[in-house]
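Residues per chain, in single letters:
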Amino acid sequence: MAKATPETTSAADFLPARRSYASLVKAASHCEGCPLYKRATQTVFGEGPKTARAILIGEQPGDEEDLAGHPFVGPAGRYLDKCLVEAGIDRTDVYVTNAVKHFKWTPRGKRRLHGKPNSRELAACRPWLLAEIELIEPELLVLLGASAAQSLLGSKFRVTRQRGQLLKVDYAPWALATYHPSAILRAPDEANRARMKAEFTADLKIVAKQLKRAS
Ligand code: URA
Ligand code: SF4
């Protein structure tokens, strides 16, 4: 009788012994630490300078990111870029990644409907995120939305309650949680969108200020 391949439950089984950016990217491209690799086109690893003093952490690659193989290059990424410029942050100075490295989706007609990673998937993929943080050693983690915040700060953390605060965390000197740019794009009406955008940009200005102070 054929023996079933044992299911792995974490990216930890795929981490390379020697950690460099190149070795992490290569190893992550073969990750089967959770079922999400099965439907996705490719692993979308974080990108940015190794000397970056901030890491921006989103949720997971979207449709465009899955096809391109790069984080935050679709609508949410373009919106993020615009807000970063307004806050005085150069995207090329920061490292950008996601809590989960494969696109989770379900078919809806011809479209691929974005799904939300659950706590098991967040936990399974966390070793990649922690390896990125260890490699970059940033001053500040910017947690974009609930999934990133949950992955690093636990499921009890509420972005709505602690948005825009500089927090002392285990993984870096500082962290700041704020909205996910997609949440702003999906705001129910123009008034809410304007408010969230103003709050988001103000949060990014706190990041910019903190980076200036720490340098
Ligand atoms: N949303 C995310 O959280 N990450 C991306 O890379 C793109 C969209
Ligand atoms: Fe591995 Fe993360 Fe992809 Fe799951 S989502 S297969 S843990 S890289």
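Residues take numbers from 1 onward in each chain, read along the sequence in its written order. Chains carry letters and ligands carry numbers; both start at the beginning, A for chains and 1 for ligands, and go up in the order they are written. For a predicted model such as this one, the threshold for reporting local features is a pLDDT of at least 70, and the threshold for listing and counting side-chain atom pairs is 80 or more; totals across whole chains, interfaces and linings nevertheless cover every residue. As a rule here, side-chain values cover all heavy atoms of the structure and leave hydrogens and water aside.

Burial status follows relative accessibility: with a 1.4 Å probe on protein chains alone, a residue under 20% of its type maximum counts as buried, one over 50% as exposed, and anything between as partly exposed. Numbering goes from the N terminus for both helices and strands, where a helix is a DSSP run of H or I of at least four residues and a strand is a run of E of at least two. Where helix H1 (residues 21-28) is concerned, the buried positions are Leu24, Ala27 and Ala28. Angular distribution of buried residues about the axis of H1 spans 95°; they occupy a single face of the element. Exposed and oriented more than 90 degrees from the buried face of H1 are Ala22 and Lys26. Starting at the helix axis, one direction is taken to each C-beta atom, and the arc is that of these directions.

This brings us to the site of ligand 2. Nearness is defined per residue: one heavy atom within 4 Å of the molecule or strand is enough. The environment of ligand 2 is made up of Cys31, Gly33, Cys34, Leu36, Tyr37, Val100, Lys101, His102, Ala124, Cys125 and Trp128. Counted by class, the shell around ligand 2 contains 8 nonpolar, 2 polar and 1 charged residues. Following the grouping adopted for this structure description, the nonpolar residues are Ala, Val, Leu, Ile, Met, Phe, Trp, Tyr, Cys and Pro, the charged ones are Asp, Glu, Lys and Arg, and the polar ones are all others, Gly among them.

Let us look at helix H4 (residues 119-136). What a helix should span is 1.5 Å times the count of its residues minus one. The first and last C-alpha atoms of H4 sit 25 Å apart over 18 residues, in line with the 26 Å expected at 1.5 Å per residue. Fitting axes to the seven residues that end at a residue and to the seven that start at it, the angle between those axes gives the bend at that residue. Bending of H4 peaks at approximately 40° at the position of Arg126, with proline Pro127 no more than four residues after it. Among all positions in H4, only Glu121, Leu122, Ala124, Cys125, Pro127, Trp128, Leu129, Ala131, Glu132, Ile133, Leu135 and Ile136 are buried. Those residues of H4 that are buried lie in contact with H1, strand E1 (54-58), strand E2 (95-98), strand E5 (140-144) and helix H5 (146-153). N-capping of H4 is provided by Asn118, with a side-chain oxygen placed 3.0 Å from the backbone N of Arg120. The contact definition used throughout considers only heavy atoms, calling two residues in contact when any of these lie within 4.5 Å. Residues adjacent in sequence count toward polar contacts only when both atoms are side-chain atoms; beyond that, a polar contact is any pair of N or O atoms within 3.5 Å, and within protein one must be able to donate a hydrogen and the other to accept it.

The convention used is that axes are lines fitted to C-alpha atoms, helices contributing only their stretch in contact, and that angles between N-to-C directions extend from 0 to 180 degrees. With their axes 11 Å apart at the nearest point, H1 and H4 run at an angle of 170° to one another. By the angle class used here, H1 and H4 are roughly antiparallel. Residues Tyr21, Leu24, Ala27 and Ala28 of H1 pack against Trp128, Ala131 and Leu135 of H4. Small angles under 35 degrees read as roughly parallel and large ones over 145 as roughly antiparallel, with 65 to 115 read as roughly perpendicular and the rest as oblique.

Of all 5 residues in E5, 5 are buried; the element is thus mostly enclosed. Side chains Leu140, Val142 and Leu144 of E5 all project onto a buried face; the interleaved residues Leu141 and Leu143 project onto the opposite face, where all are buried too. In this analysis, strands are considered paired if DSSP registers two or more bridges between them. Relative to E5, E1 runs parallel, the two being bridged by 4 bridges. Paired with Ile57 across the strands is Leu143, a residue of E5.

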